[in-house]
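Structural overview for review
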Amino acid sequence: MRFLPTEEQSDFARSLGTMLAGADVPAAARAWAAGERGPGRALWARLAELGVFALAVPEAYEGLGPLPVELAVAFVELGRYGVPGPVVETAAAGVLLGGAGGGAAKRWLPGVAAGDCVVTLAGPGSPYALDAEAADLVLVAGAGGGLRAAPGHGPVRVSADPVRRLAEPSAGGEELGTADGPVWLWPALLTGAQALGVGEALLARTVEYVKQRSQFGAPVGGFQAVKHRLADTLLALEFARPLVFGAAVTLSPRDVAGAKLAAGEAAYRAARTALQLHGAVGYTDELDLSLWLRKARPLRDAWGGPGECRARVLA
């Protein structure tokens, strides 16, 4: 039995990371927060060229999937580089609509796979959809798995992360069928993977910073208390990583809930560590670190907060 990514999966992660490293994602994220979608949609098209969204869409609708492990690999990288937009919701919608089948799947999924269609998703337990004003389709999933296309949305609200803008979908709209399985499972899995990438990015940036920041004539990274804090953060992330990929293999609701819980809490711990060790400069808008700091808490709570995930594990 193999517990490591395949060579193909590792190559895919490296290719995606190389593309994102040269794409100036922070600039695209700041533009997205300001309501300018051009740079974000251009980045979206490049993700589609690498097949990210096709991984969620069944082959019958011009996709490659759904391939949960490859999607988890991709979403760790999307979190690591802070990609803006409803990437989780679009991929999850690809899986949900593909499972429902019918005319709606034929109408929307080829565009999702090609990167031409941005979908946002609202589900049970949360009245809001992410970036509804930028989406081509506002999909609402009911508690019983019923899917509908909302005809619009309410006022846009800024969340704790300015890049994540929320709006309540309008009532009514076209019924699009019924999803196969729990509607929260795929977005929870992909949000957990994204949170893991965010946490790893925060830790990497913090490690580099404490090598440069000095107090009492020495780098703060050499202080024992700082080393312990960083080590605890690393352990939490390393513990969450196999849970995320294990959940992608099994797709068990209990495994997905546990992985989401561990990854969300680890990312939040990484954010608190980063803020403490950077000091006041850490939360200034001018520093790119703030783009990741502000993601950790919303991702921890999206598609199942800690209490909800614990209840699902115990259930």
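Everything here concerns the structure above.
Position numbers for residues count from 1 along each chain, tracking the sequence in the order it is written. Confidence filtering applies because this is a predicted model: local features only for residues at pLDDT of at least 70, side-chain atom pairs given and counted only at 80 or more, and all residues used for totals across whole chains, interfaces and linings. Only hydrogens and water are set aside; all other atoms, that is, all heavy atoms of the structure, feed into the side-chain values.

**A look at the pattern of salt bridges**
Note the cut-off: Salt bridges are identified by distance alone: a Lys or Arg side-chain nitrogen within 4 Å of an Asp or Glu carboxyl oxygen. Where helices and strands are cited, they refer to DSSP runs of H or I of at least four residues and of E of at least two residues respectively, numbered from the N terminus. Each residue is assigned to one of three classes by its accessible area relative to the maximum for its type, calculated with a 1.4 Å probe on protein chains only: buried under 20%, partly exposed between the two thresholds, exposed over 50%.
This structure, assessed with the given rule, holds 17 salt bridges. Residues Arg14 and Asp11 are paired through a salt bridge, measuring 2.2 Å at the closest nitrogen-oxygen approach. Residue Arg14 and its partner Asp11 are both found in helix α1 (residues 7–21); the two are separated by three residues, about one turn of the helix. Here Arg14 falls in the exposed class, since its relative accessible area comes to 51%. Among the charged side chains, a network of salt bridges with common partners joins Glu265, Arg297, Arg300, Asp301 and Arg310.

**Some points on empty space enclosed by the protein**
Put simply, the test is: Using protein atoms alone on a 1 Å grid, points that fit a 1.4 Å probe yet trap it form a cavity, whereas open point sets bounded by protein on both sides within 12 Å along at least five of seven lines form a pocket; residues with an atom within 4 Å of a point count as lining. Grid points are joined across faces, edges and corners, and a volume is the space filled by probe spheres set on the points.
Scanning all chains against the criterion turns up two cavities of 30 Å³ or more. Of the pockets and cavities examined, the largest cavity occupies roughly 70 Å³. Lining the largest cavity are Val83, Pro84, Gly85, Leu130, Asp131, Val163, Arg164, Gln194, Lys295 and Leu299. Approximately 50 Å³ is the volume found for the second largest cavity. In this structure, the second largest cavity is lined by Gly85, Pro86, Val87, Val88, Glu89, Leu130, Arg164, Thr191, Gln194, Leu299 and Ala302.

**A word on helix α8 (residues 224–250)**
Put simply, the rule reads: Expected span of a helix: the number of residues minus one, times 1.5 Å. We call two residues in contact whenever any of their non-hydrogen atoms come within 4.5 Å of each other.
A rise of 1.5 Å per residue sets the reference length of α8, with its 27 residues, at 39 Å; its end C-alpha atoms lie 40 Å apart and thus fit the reference within 8%. Buried residues along α8 sit against α4 (68–81), α7 (185–212) and α9 (253–278). Phi turns positive one or two residues past the end of α8, at Leu251, with a value near 55°.

**Describing the sheet that holds strand β2 (residues 129–130)**
One key point about sheets: their strands pair by backbone hydrogen bonds, in either a parallel or an antiparallel sense. The condition that has to hold: If DSSP finds at least two bridges between two strands, the strands pair.
Read from one edge of the open sheet, three strands run β2-β6-β5, paired in antiparallel fashion. Each edge of the sheet is formed by a strand with only one pairing partner; in this case those strands are β2 and β5 (157–158). In terms of strand pairing, β2 meets strand β6 (residues 165–167) through two bridges, oriented antiparallel. By the bridge assignment, Leu130 is partnered in β6 with Leu166.

Interpretation note: all reported values are geometric properties and have no functional meaning in isolation.
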